[in-house]
Amino acid sequence: MNPTHEVFNQPEPLVNVNLFATNRAMQAALQFNAPALDTAPLHALGAVVGSGEMQAHARLANVHTPQLKTHNRFGQRVDQVEFHPSYHALMSAAVEAGLHGTAFSAKHQATGHAHQLRAAGFMLFTELEPSILCPISMSYAVAPALKDNPAIYRDWEAGLTSRAYEPALKVWRDKTGLTMGMGMTEKQGGSDVRANTTRAEPAGSDAWGQRFSVTGHKWFFSAPMCDAFLILAQTANGLSCLFLPRVLPDGSMNQLFIQRLKDKLGNKANASSEVEFVGASAWLVGEEGRGIPQILAMGTMTRLDCALGTSGLMRQALSIALNHTSQRKAFGKTLIDQPLMKNVLADLALESEAATALALRLARSFDRTGDAHEQVMNRLLTPVAKFWICKRGSHFAQEAMECLGGNGYVEEGGEGVMARIYREMPLNSIWEGAGNIMAIDLLRALRKADAAAALAHELAPAKGMHPALDRLAAQLPIRVEEMASEMEARRLAQDVALAVQAALLAQTAPSAVFSAFCDSRIGGEWGHSFGSLGAGVDFDTIIQRAMPR
Ligand SMILES: Cc1cc2nc3c(=O)[nH]c(=O)nc-3n(C[C@H](O)[C@H](O)[C@H](O)COP(=O)(O)OP(=O)(O)OC[C@H]3O[C@@H](n4cnc5c(N)ncnc54)[C@H](O)[C@@H]3O)c2cc1C
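This write-up is about the structure you can find in this document.

What counts, and at which threshold
- Residues numbered from 1 in each chain as written.
- Predicted model: local features only at pLDDT ≥ 70, side-chain atom pairs only at ≥ 80, totals over all residues.
- Heavy atoms only, no water.
- Helix = DSSP H or I, 4+ residues; strand = E, 2+ residues; numbered from the N terminus.
- Rg over C-alpha atoms; globule rule 2.2 N^0.38 Å.
- Buried < 20%, exposed > 50% of the residue type's maximum accessible area, 1.4 Å probe, protein only.
- Contact = heavy atoms within 4.5 Å.
- Axes fitted to C-alpha atoms, helices over the stretch in contact; angles between N-to-C directions.
- Parallel < 35°, antiparallel > 145°, perpendicular 65-115°, else oblique.
- Left-handed = near helix turned anticlockwise from the far one by under 90°.
- Nonpolar A, V, L, I, M, F, W, Y, C, P; charged D, E, K, R; others polar.
- 1 Å grid on protein atoms, 1.4 Å probe; cavity = no way out; pocket = protein on both sides within 12 Å on 5 of 7 lines; lining within 4 Å.
- Points joined across faces, edges and corners; volume = space filled by probe spheres on them.
- Phe/Tyr/Trp six-rings, centres within 6.5 Å; stacked < 30°, edge-to-face > 60°.
- Lys NZ or Arg CZ within 6 Å of the ring centre and 35° of its normal.
- Pairing = 2+ DSSP bridges.

Here's the deal with the overall build of the protein chain
Okay, step 1: For the protein chain, the helix and strand inventory stands at 19 helices and 11 strands.
Okay, step 2: Against the 2.2 N^0.38 benchmark of 24 Å for 549 residues, the protein chain shows a C-alpha radius of gyration of 24 Å, consistent with a compact globule.
Okay, step 3: Taken along its principal axes, the extent of the C-alpha atoms in the protein chain is 75 × 70 × 40 Å.
Okay, step 4: Relative to its 549 residues, the protein chain shows a buried fraction of 58%.
Okay, step 5: A fraction of 73% describes how many contacts in the protein chain between residues 6 or more apart in sequence connect residues 24 or more apart.

Concerning the packing of helix α3 (residues 52–63) against helix α4 (residues 85–96)
Okay, step 1: Across the interface, α3 lies against α4 with an axial gap of 8 Å and an inter-helix angle of 130°. In this view, α3 runs oblique relative to α4, as classed from their interaxial angle. The element α3 and its partner α4 pack so that their crossing is left-handed. Here M54, H57, A58, L60 and A61 of α3 come into contact with α4, specifically with S86, Y87, A89, L90 and A93.
Okay, step 2: Here the residues of the contact of α3 with α4 are counted per class, giving 8 nonpolar, 2 polar and no charged.

Examining unusual backbone geometry
Okay, step 1: A positive phi angle, close to 60°, is found at N9, a residue other than glycine.
Okay, step 2: Relative to the elements of secondary structure, N9 occurs in the segment before α1 (24–33).
Okay, step 3: Positive phi, close to 55°, is recorded for N267, a residue that is not glycine.
Okay, step 4: Structurally, N267 is set in the loop between β8 (256–261) and β9 (272–284).

Focus on empty space enclosed by the protein
Okay, step 1: By the definition in use, this model includes 4 cavities of 30 Å³ or more.
Okay, step 2: In terms of lining residues, the largest cavity is bounded by 13 residues, among which A25, R315, A349, E353 and A546 are the most central.
Okay, step 3: Sorting the residues of the lining of the largest cavity by element identifies α1, α10 (291–325), α11 (339–367) and α19 (539–546) as the ones contributing at least two each.
Okay, step 4: The dominant element in the lining of the largest cavity, judged by the number of residues it contributes, is α11, at 4 residues.

Let's talk about the packing of aromatic side chains
The description of two aromatic rings rests on the distance between their centres and on the angle between their planes.
Okay, step 1: One pass over the full model with this rule turns up 12 aromatic pairs.
Okay, step 2: Where F104 meets Y140, the ring centres are 5.5 Å apart and the plane angle is 45°; that geometry is what we call tilted. Remark: Y140 occurs in helix α7 (residues 133–141) and F104 occurs in the loop between α4 and α5 (106–109); sequence separation between them is 36 residues. You'll find F104 and Y140 in the same group, each marked buried.
Okay, step 3: Look at F221 and F277: their rings are 6.1 Å apart centre to centre, the planes differ by 75°, and that puts the pair in the edge-to-face class. Here F221 is found in strand β5 (residues 209–222), whereas its partner F277 is found in strand β9, with 56 residues between them in sequence. An identical accessibility class is assigned to F221 and F277; each is buried.
Okay, step 4: When the ring centre of Y140 is taken as origin, the NZ or CZ atom of R118, which lies over that ring, is 3.5 Å away.
Okay, step 5: Above the face of the F220 ring, K262 is positioned so that its terminal group lies 4.3 Å from the ring centre.

Describing α1
Okay, step 1: For α1, every residue scored as buried is listed here: A25, M26, A28, A29, L30 and N33.
Okay, step 2: Along its buried surface, α1 packs onto α2 (40–49), α6 (114–126), α11, α17 (489–508) and α19.

Some words on the pairing of strand β2 (residues 77–82)
Working note: regular strand, side chains alternate between the two faces of the sheet.
Okay, step 1: Note: strand β1 (residues 67–71) against β2, 4 bridges, orientation antiparallel. In the strand pairing of β2, Q67 is matched with E82.
Okay, step 2: The turn joining β1 and β2, which pair antiparallel and follow one another in sequence, is formed by 5 residues; a positive phi near 90° is taken by G75.

The following block contains the structure:
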């Protein structure tokens, strides 16, 4: 006891909990999308990422942020970023869990649900620490684009898919594990990468194909300690995609210079840099002049990760809010038993489960490459899920933080994770194509002739289950056929997201969750903030389902 007072009515933190075993929404979504999936690896990962030991690494990696070392003490350039050991512990754990390129190995591809297993693991890991998942995500996403230079992919595949993390900068053939990043954004344009001014001049050819000498810059270049990057640069034939390693095949350093690290709102454990290339060596990937579609094969997969990542952060914020309010008392009752707090928590639980359902359904389409319906849904749902889930993230985090009162706003210890989540949330919405870009991309996807029919097919299993969903489902194919203007693109993306989320919940969630979701999000029985569900909602069932213990 302190000499001045006794500390009481402060909750036990949520620690040493298996994050998979307690996530019923995730289990239901996996059961629906991939019934044959062996979830044993997720149980194992759930225990690791929910452990106090790993939570300590997450905190330390965010407090002791990466430091750029441009020169050594002799004045020679080194261009290295130094990380706290906890950063490396987190990276090791993520690679060991196969969250980077492992899903692309032949063994995993043969299971038919490699991407869904990895997607669920990525969501769980986000609940531990999201910033280190930036290089993990890029190392995962690169395979479809990089395969278009088969010689490079042949050399790099083993390192990109292995479960070994090796941070030292060395030539690829001397490393057991490799990571990759991407460089598109320049000062004068990020969304509109056609404005790129970085130049690539022909410099011969070798075993990796056509080689170029690259001169220019990148304004955002995350995880510059990766072993290589896919970048965009202008060749004589237009914007092209190039493979640029940090260490060249002869063991010398490539001409990539890190100017400085970004001072960011959140995402603190990850280094994001500004770089310049001065005659750096790079190899062509895909066709010259077709760089944008080439690198977008990578962008599509990182957009999936934005949706997964935000869903994971929502689940984490909700779990902390439930943990806190189920222990803290105010005005004679536990907070979770106060009617209006029930409304807030149930509303957050609906949003979290709907995000989980949509993100994992999108992941399914990456496993079913031979299925025509899945491929149309992949094209439609990638911008929809990236737009809508990420757009809801910041609002969600603010409300979950408020459930903790003042403790939610501090940076310290277990409760301080809320501040970290809040600072992280806007990022998934901005990078890999900001909100407007995603909504406009949906319009592009809808121009495909079979889009309206595929959407109707996707919604069909929920037909007749809720009048508001039936009305929206009947309208959507007409709006798609009539082709909304850009001015209405966000509204259309939102409505497609809500309809698909509702149809998924009809098939995966208890009726209390489904009907409250449809009444509020589609039927209009809702206000403009969380916590404004109608009084007839079955709050207790919804909250019980979401409890993290
Ligand atoms: C922490 C961090 C790390 C990053 N890491 C990387 C990285 O590793 N590699 C990389 O290449 N990039 C990276 N980025 C860059 C990121 O992808 C871009 O910032 C993003 O794509 C937006 O580009 P921009 O900043 O140039 O903004 P702009 O393109 O100027 O966009 C500004 C706003 O205008 C909107 N807008 C643009 N065009 C239209 C239009 N036609 N109609 C309506 N609205 C429009 C956008 O939606 C956005 O809201 C990173 C960014 C951050 C914050």
